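# Structural features, examined
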Amino acid sequence: MNSLNPATMHLPEDKERNSVPDIPQDSRLSLYRRLKLIRRCEEYILRHYPENEMTTPMHMSMGQEAIPAAVCEALGDDCEAVTSYRSHATFLARTGSSSLFFGELYGREAGTADGKGGSMHLAALELGHFCSSAIVGAGFAVATGMAFANKRQKTGKIATVFFGDGAVDEGAFWESLNGASVMRLPVLFVLEDNGYAVNTPPRERYGFKSIEGVVRQFDCAFFADHSNDPESLYETAQAAAAAIRQTDGPAFIHARCCRYLEHVGIGDDVDTGYRTREELEAWRTRDAVETLRERLVNDQLGAQVDDIDRALEEEISTSVRAAMASPSPAHAKLFHGVFHENT
């Protein structure tokens, strides 16, 4: 493995911001709620996963919350989300439903798939989250097809696919980006770039110089935001959505982030040697949840932030109790939902 040094580390970038963001107060508080919901749900998982009641692999989103939270807040109901197996942040950001979330993680009928899908297969179409998939890169073609349907039906919706930098290695990435550009489809590609495909950095996988250089070869609007600042990402997402509507074509957001935990599981993987403690701590000092909370408090919104925190604690507690009280799926439901069924 190549030796690690500051020149090759995956680090956040500084971005100058106005002292007072040009974002409505309600949107700023809603953005904080999305962020904090994701963080508190995953902190619950960290505490209770060892009890072995949530018998599903966990690909944790901790550290990556700002991107889906900002995009879902900026696009609102126009966002039709598709995401990868690292699904927690996008699902919670789009649906706001900790009850469906924990129902599925606990393997109960209260979940999104009667408890049969687990962490990697979350879906709630009625709430704007179309699917997540354990297959790397599977979401590209799905979102592109959704965008094609939206264009034909003139729904005004934006199919939004969230993916990691490892998915760029898949052929479906290039095919979908090309197809969306040629057919001028309203699809938003959101790259949650945490710097590693499991534990392999881009320099060992990419035969091209940069993602930006690749995307700019296509007829697709390109935006980059490597700050991990939730309000900056919100403004970037708004600009991308505006570009989609103005050009009648796709847009791409390249956003850097950091996966705080191991690729799969709830542990710390720094000792494995593919990244350093210094790199991880550089991101933790720019933690999106704490950054936005501090900023809101400084802007005299501390009381509203405290109300959000208290309400989320009660909401998550209620959702967990409901999940635990829900029955496990009956054997008769084994094949339910596998194929199309007339209802």
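Computed from a prediction, not measured in an experiment: that's the story for all the values here. (Residues numbered from 1 in each chain as written. Predicted model: local features only at pLDDT ≥ 70, side-chain atom pairs only at ≥ 80, totals over all residues. Heavy atoms only, no water.)

### Regarding the pairing of strand β1 (residues 79–83)
Along any regular strand, the residues point their side chains to alternate faces of the sheet. Taking burial as the measure, the five residues of β1 include five buried ones, the bulk of the element. Because side chains alternate across β1, one face comprises the buried residues Cys-79, Ala-81 and Thr-83, and the other comprises Glu-80 and Val-82, equally buried. With four bridges joining them, β1 and strand β3 (residues 158–164) adopt parallel strand pairing. Directly across from Ala-81, in β3, lies its bridge partner Thr-160. As paired elements, β1 and strand β2 (residues 129–132) share three bridges and run parallel to each other. Across the sheet, Ala-81 pairs through a bridge with His-129, a residue of β2. (Buried < 20%, exposed > 50% of the residue type's maximum accessible area, 1.4 Å probe, protein only. Helix = DSSP H or I, 4+ residues; strand = E, 2+ residues; numbered from the N terminus. Pairing = 2+ DSSP bridges.)

### Looking at the nonpolar core
In terms of nonpolar packing, the biggest core is built from 66 residues, with Leu-35, Ile-45, Val-71, Leu-75, Phe-101, Phe-102 and Leu-188 touching the most fellow members. With nine residues, the top contributor of residues to this core is helix α1 (residues 25–48). In contact with Leu-75, not counting residues within four places along its chain, are Ile-158, Thr-160, Leu-188, Ala-237 and Ala-241. (Core = buried A, V, L, I, M, F, W, Y, C linked by side-chain atoms within 4.5 Å. Contact = heavy atoms within 4.5 Å.)

### Topic: a nonpolar patch on the surface
Nonpolar side chains collect at one region of the surface, where Leu-334, Phe-335, Val-338 and Phe-339 lie side by side and expose about 500 Å² of accessible area between them. Within the fold, Phe-339 resides in the segment after α11 (302–325). Phe-339 sits in the exposed class, given a relative accessible area of 66%. (Patch = residues over 30% accessible without salt bridge, like charges linked within 9 Å, V, L, I, M, F, W, Y side chains within 5 Å. Areas by Shrake-Rupley, 256 points an atom, 1.4 Å probe, with all protein chains shown as cover. Salt bridge = Lys/Arg side-chain N within 4 Å of Asp/Glu carboxyl O.)

### Considerations on the packing of α1 against helix α4 (residues 98–105)
The geometry of α1 relative to α4 is characterised by a closest axis approach of 12 Å and an angle of 25° between their N-to-C directions. With respect to their mutual orientation, α1 and α4 come out roughly parallel. Taken as a pair, α1 and α4 cross one another with a handedness that is right-handed. For the pair α1 and α4, the contacting residues are Leu-37, Cys-41, Tyr-44 and Ile-45 in the first and Ser-98, Phe-101, Phe-102 and Leu-105 in the second. (Axes fitted to C-alpha atoms, helices over the stretch in contact; angles between N-to-C directions. Parallel < 35°, antiparallel > 145°, perpendicular 65-115°, else oblique. Left-handed = near helix turned anticlockwise from the far one by under 90°.)

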